[in-house]
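The chain contents come next:
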Amino acid sequence: MTLELRSCTYAYRPWAPPVLENLDYALPGGLTILLGPNGAGKSTLLKLAASVHFPRNGSVTLDGLPSRSRAYRRAVAWMPQNITAMTSLTAREQVAYTGWLKGMNRRDAWDKAADALARVDLSAQADTRTRRLSGGQLRRVGVASALVHGARVLLLDEPTAGMDPRQRRVFRDVLRSLTDDVPVLLSTHDVADLAEDSDNVTVIDDGRVLYSGTTDGFLAHAPDGTPSGRIAEAAYTALSEPTPNH
């Protein structure tokens, strides 16, 4: 199973400079962290991968399925930065409603909503109205909503923004439980967010991929003697520093 962006160029306005230009990227298996500063092109890459946007040039495919196809959109799930609580709905009702919007019949959506909530460790909150959930729990409802229709790829845009350290720990444990079955691409601008817990790291800046590979390979860019608690930050700094010819 391979999600690929090939020679992709995208600009938000016809007259604007491209945010991404001739970008090549293939999503590996497991949990991949997408790192980069604000404005680097992370959200744009995710939206192209999620078929929210389409490239001006180039192609986005999943095992050969083009991103404009219905089959592609069924197979790829995207969780945006902001998850809105539908205040009159319980967690299970909100997840089931998302499944219904994805084309599931009501009975299947209702049954699969319970399964999706179990996968993110929210079964005990299934009958709780979403407006009463904590921020971290609401984010997990967002992941359940992305999984309810049987997605084969999960794309998450800044999912840990606003979480406290405990909520982040719970959230990353949930993600680790999913990646045996579903490849996950998670964007963040916080280099220390999940880098050491991921299988792979992609670093993007100014619309260019600076690094894409294993987490061990990413951390190896840190200079010798870097304190253990700052290895991810040092590796990111080393990769993102401009070269003399750039």
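Residues numbered from 1 in each chain as written. Predicted model: local features only at pLDDT ≥ 70, side-chain atom pairs only at ≥ 80, totals over all residues. Heavy atoms only, no water.

Named according to an unreviewed UniProt entry, the protein is ATP-binding cassette domain-containing protein originating from Streptomyces litchfieldiae.

Side note on the pairing of strand E3 (residues 31-35)
With five of five residues buried, E3 lies mostly within the body of the structure. Relative to strand E8 (residues 184-188), E3 is paired through five bridges, and the arrangement is parallel. By the bridge assignment, Ile-33 is partnered in E8 with Leu-186. Bridge count for E3 against strand E9 (residues 200-205) is four bridges, and the pairing is parallel. The residue bridging Ile-33 from the neighbouring strand is Val-201, located in E9. (Buried < 20%, exposed > 50% of the residue type's maximum accessible area, 1.4 Å probe, protein only. Helix = DSSP H or I, 4+ residues; strand = E, 2+ residues; numbered from the N terminus. Pairing = 2+ DSSP bridges.)

A look at the environment of Val-141
Structurally, Val-141 can be placed in helix H5 (residues 135-147). On the accessibility criterion, Val-141 (0% relative accessible area) is buried. For the pair Val-141 and Arg-92, spaced 49 residues apart in sequence, the C-alpha separation works out to 8.5 Å. Contacts of Val-141, omitting those with residues within four sequence positions, involve Ala-91, Gln-94, Val-95, Leu-122 and Leu-133. (Contact = heavy atoms within 4.5 Å.)

Here we look at the nonpolar core
Counting 47 residues, the largest nonpolar core has Val-143, Leu-154, Leu-156 and Phe-218 as its most contacted members. The biggest single contributor to this core is H5, with six residues. Discounting residues that sit within four places of it in the chain, Leu-154 has contacts with Ala-77, Val-143, Ala-146, Leu-147, Leu-178, Val-182, Pro-183, Val-184 and Leu-185. With 24 residues, the next largest nonpolar core counts Leu-23, Leu-45, Val-60 and Tyr-72 among its residues. (Core = buried A, V, L, I, M, F, W, Y, C linked by side-chain atoms within 4.5 Å.)

Observations regarding helix H1 (residues 42-49)
When you tally the buried positions in H1, you get six out of eight residues, the bulk of the element. Those residues of H1 not exposed but buried are Lys-42, Thr-44, Leu-45, Leu-46, Leu-48 and Ala-49. With its phi angle positive at about 60 degrees, Ser-51 sits one or two positions after the end of H1.

What about the sheet that holds strand E2 (residues 20-27)?
Taken together, four strands build an open sheet; the order of strands is E2-E1-E4-E5 and the sheet is antiparallel. If you trace the sheet from one side to the other, it starts and ends with E2 and strand E5 (65-66), each paired once. With five bridges connecting them, strand E1 (residues 3-10) and strand E4 (residues 57-62) associate as antiparallel partners. Looking at the pairing, Leu-5 lines up with Val-60 of E4.

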